[in-house]
Amino acid sequence: MKIVGHNLTTKESFYFFEIAKGLWITSRHFIYNMYFHIAHLLGKYPEVPAAVTVQYPEEKIPLSKRWRGRHRINARPDGSPRCVACMLCETVCPVQCIHIVAGEHPDPAIEKYPVSFEIDVTRCCWCGMCEEACPVDALYMDTGKTPEPGFSREDLLYRKEQLVKELPLPGCQRSLNAPGQGPMEANPLGL
Amino acid sequence: MYLDVIITLLKIAIVFGFVLNVAAILSWAERKQSAVMQDRIGANRADVLGFRIFGLFHPIADTIKMLTKEDWVPPAGDAFVHTLAPFLALFTALVVFAVIPFGDTLHIAGRDIPLQIADLNVGILFIVAFGGLGFYSVVLAGWSSENKYSLLGSIRGAAQLISYELALGLSIVGVVMAYGSIELDDIVRGQGQYVLGVIPYWGIVAQPLGFILFFTAAMAETKRVPFDLPESESEIIGYFTEYSGMKFGAFWMGEFIEVISVAGVVTALYFGGWQIPFLSNQGIFIPGLFTIPLPHLLVVLLQVSAFGLKVLFFCWFMLLVRWTLPRFRYDQLMAFGWKFMVPLALVNIVVTGLIKYVF
């Protein structure tokens, strides 16, 4: 692609008129935004935005359906976690942030259950490979929440008790079994 | 005699109150105006007991931050000079307001009170002199920091200040020629005349080129973008480097006070000072037609408010220029000052002289 420029015309080489044009552009932005800020204060034109800022955490930008947030462990219809401690997520995790200790489950159809399931959020790179690897519809990253700032390493270590209580964000839920229920009729994201 | 002292102290209190409050508000306005110009909202999170009031607590937060920082003096440097430099910066920025008239003579209780703190007969030279003294704070700050890069930054700043002082002084010569006096009070009163019957003889009508030159040179003198190469907000190492806490706050506030002083001088010289067109001390006065008398106190109040509004407008305008234009490179800056502004200022003087001679 050839970039065509031009030498400065005489009027442009004074820079004064160009500066005035530039100042007029920013003044225009100022006047427009100021008008709508004052109008918002008086309660008029609430649908016209006066700024492109999203005031987090009061407002949030809408997330996509596949957005990967904090993890959750899906639950069976009887309330127990679906995880069978197969260690697939722990193995595939590229930064080795998942630590599972397996225990024997009394039901022989479900052989194992996780005694402890810890995700170290200081290591997690939010790649989603653990979500893809889980074969039993247990681990999902569809809560739509970001990890909250913590003041200690304990705050940033998510344990099983905390992970089973999370719920999916409506509109992002990707599990084929709804939490605490059986299989859903349709594909949740419509994919 | 004591009453005179009290009246002067009152005038100082009014001017200081205005200047220091507007300087603090300018630091807030800088963030908010730049935000509104850039389609953002700006800083609005500092709150006291849940009240945010558009982020007006941010200057207070800044001040608390600066007051609680460690007051560090370079161990190998000259501690006295290091502490002196920010005081000099603040002093030379503030003292300029002593000669700017902010209102007409107030006739009250049988006394005539000129609304100007010091009616010196050197007038504008006082402003140029103390603006030039501001250069000392730059040099002393860099020199006493015992830091080679601060020294280089202060040399850069000093070279810039000296270069643009010439253009500043020469453009003032044009104003002095147009109004025939060097005292600011006479210049502001001279702007109450009308040219061609209806156009007030403001400085910008008499000296349009002089206004552009003076405004540009004054922005370079106060090291304001687009001329802020000495320090450019920590993008380049400058003479502020070894200053922390309130000493840096003194430099920073000194910059905002200089913005207001430039705005004040520009309105006094070029935009009629406290004059409102068609308002004289007898009331609304349309030349050749009619006069509506107004009470004297009301007229003086309107004129003082007009001065304040014009100063605020020029502060707004300087913030607008700051957030619109890119920065000058150092060689471009020096070439601009010496090879463009000084010849133009001289041309301005020659043309003004010719017009004065012919008419």
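Residues numbered from 1 in each chain as written. Chains lettered and ligands numbered in written order. Predicted model: local features only at pLDDT ≥ 70, side-chain atom pairs only at ≥ 80, totals over all residues.

Across its full length, chain B holds eleven helices and seven strands. A compact globule built from 359 residues should have a C-alpha radius of gyration of about 21 Å, and chain B, at 22 Å, falls within 12% of that. In terms of its C-alpha atoms, chain B occupies a principal-axis envelope of roughly 70 × 55 × 50 Å. Here chain B holds 359 residues, and the buried ones make up 38% of them. (Helix = DSSP H or I, 4+ residues; strand = E, 2+ residues; numbered from the N terminus. Rg over C-alpha atoms; globule rule 2.2 N^0.38 Å. Buried ≥ 20, exposed ≤ 12 C-beta atoms within 10 Å, placed from the backbone.)

So, on to the overall build of chain A. Tallying secondary structure elements over chain A gives five helices and five strands in all. Scanning chain A from its N terminus toward the C terminus, one meets helices and strands in the order α-α-β-α-β-β-α-β-β-α. Counting only C-alpha atoms and orienting by the principal axes, one finds that chain A spans roughly 90 × 45 × 40 Å.

Before going further, it helps to spend a moment on the interface of chain A and chain B. Listed per partner, the contact involves 13 residues of chain A and ten residues of chain B. Of the residues in the side of chain A that touches chain B, the class split is six nonpolar, seven polar and no charged. (Contact = placed C-beta atoms within 7 Å. Nonpolar A, V, L, I, M, F, W, Y, C, P; charged D, E, K, R; others polar.)

This part covers the sheet that holds strand 6 (residues 283-285) of chain B. Read across the open sheet, the three strands follow the order 5-6-7 (chain B); overall the sheet is antiparallel. Of all the strands in the sheet, the pair left with one neighbour each is strand 5 (279-280) and strand 7 (291-293) of chain B. (Pairing = 2+ DSSP bridges.)

Another point: the sheet that holds strand 5 (residues 157-158) of chain A. All names here are of chain A. Taken together, the three strands give an open sheet; going across it, the order is 2-3-5, and neighbouring strands pair in antiparallel fashion. Both edges of this open sheet fall to strand 2 (98-104) and strand 5, since each of them pairs with a single strand only. By the bridge criterion, two bridges tie strand 3 (residues 112-120) to strand 5 in an arrangement that is antiparallel. Across the sheet, residue I119 finds its bridge partner in strand 5, namely Y158.

Pairing analysis gives seven bridges linking strand 2 of chain A to strand 3 of chain A, with the strands arranged antiparallel. Bridge pairing in strand 3 of chain A links A102 of chain A to P114 of chain A.

Accessible area lost when the parts come together is the quantity often used to give the size of an interface. Looking at chain A, the domain boundaries give domain 1 (8-53) and domain 2 (72-163). Spacing between the C-alpha centres of domain 1 of chain A and domain 2 of chain A amounts to 51 Å. (Domains from an automatic or database assignment.)

Attention shifts here to the packing of helix 1 (residues 2-37) of chain B against helix 2 (residues 58-67) of chain B. All names here are of chain B. Orientation of helix 1 relative to helix 2, taken along the N-to-C sense of each, is 110 degrees, at an axis distance of 9 Å. Taken as axis vectors, helix 1 and helix 2 run roughly perpendicular relative to one another. Residue-level contacts link A24, S27 and W28 of helix 1 to H58, P59 and D62 of helix 2. Per-class residue counts for the contact of helix 1 with helix 2 are three nonpolar, two polar and one charged. (Axes fitted to C-alpha atoms, helices over the stretch in contact; angles between N-to-C directions. Parallel < 35°, antiparallel > 145°, perpendicular 65-115°, else oblique.)

Residue and element names in this part refer to chain A. Structurally, the position occupied by E90 is in helix 3 (residues 88-92). The spacing of E90 and C130 is 40 residues in sequence and 7.4 Å in space, taken between C-alpha atoms. Once you skip the residues sitting within four places of it in the chain, E90 turns out to touch I98, H99 and I100.

F214, A217, I260, A263, V266 and C315 of chain B are the most contacted members of the largest nonpolar core, which has 74 residues in total. In terms of residues, this core owes the most to one element, helix 9 (residues 245-270) of chain B, which gives 14 residues. In contact with V266 of chain B, other than residues within four places in its own chain, are F214, F215, A218, F271 and F314 of chain B. Core analysis: the next-biggest nonpolar cluster, separate from the first, contains 17 residues, I98, M141, Y158 and L163 of chain A among them. (Core = buried A, V, L, I, M, F, W, Y, C linked by C-beta atoms within 7 Å.)

Here the focus is the environment of E183 of chain B. Residue and element names in this part refer to chain B. Inspection of the secondary structure assignment puts E183 in the loop between helix 5 (148-179) and helix 6 (184-190). The spatial distance from the C-alpha of E183 to the C-alpha of G123 is 4.1 Å, given a sequence separation of 60 residues. Every residue in contact with E183, bar those within four places of it in the chain, is listed here: N121 and G123.

Turning to the packing of helix 4 (residues 124-144) of chain B against helix 5 of chain B, a few remarks are in order. Residue and element names in this part refer to chain B. Viewed as axis vectors pointing N to C, helix 4 and helix 5 meet at an angle of 175 degrees, and their least axial separation amounts to 8 Å. Classified by the angle between their axes, helix 4 and helix 5 sit roughly antiparallel to one another. Class assignment of the residues belonging to the contact of helix 4 with helix 5 gives a composition of 15 nonpolar, seven polar and one charged.

Across its 26 residues, helix 2 (residues 16-41) of chain A extends 37 Å between first and last C-alpha, which sits within 8% of the 38 Å expected from 1.5 Å per residue. Phi for G43 of chain A, located one or two positions after helix 2 of chain A, is positive at around 90 degrees. (Expected span 1.5 Å × (residues − 1).)

One non-glycine residue with positive phi stands out, namely Q96 of chain A, at about 55 degrees. Considering the arrangement of structural elements, one finds Q96 of chain A in the loop between helix 3 and strand 2. Unlike most non-glycine residues, A109 of chain B shows phi in positive territory, near 55 degrees. Structurally, A109 of chain B can be placed in the loop between strand 1 (106-108) and strand 2 (111-113).

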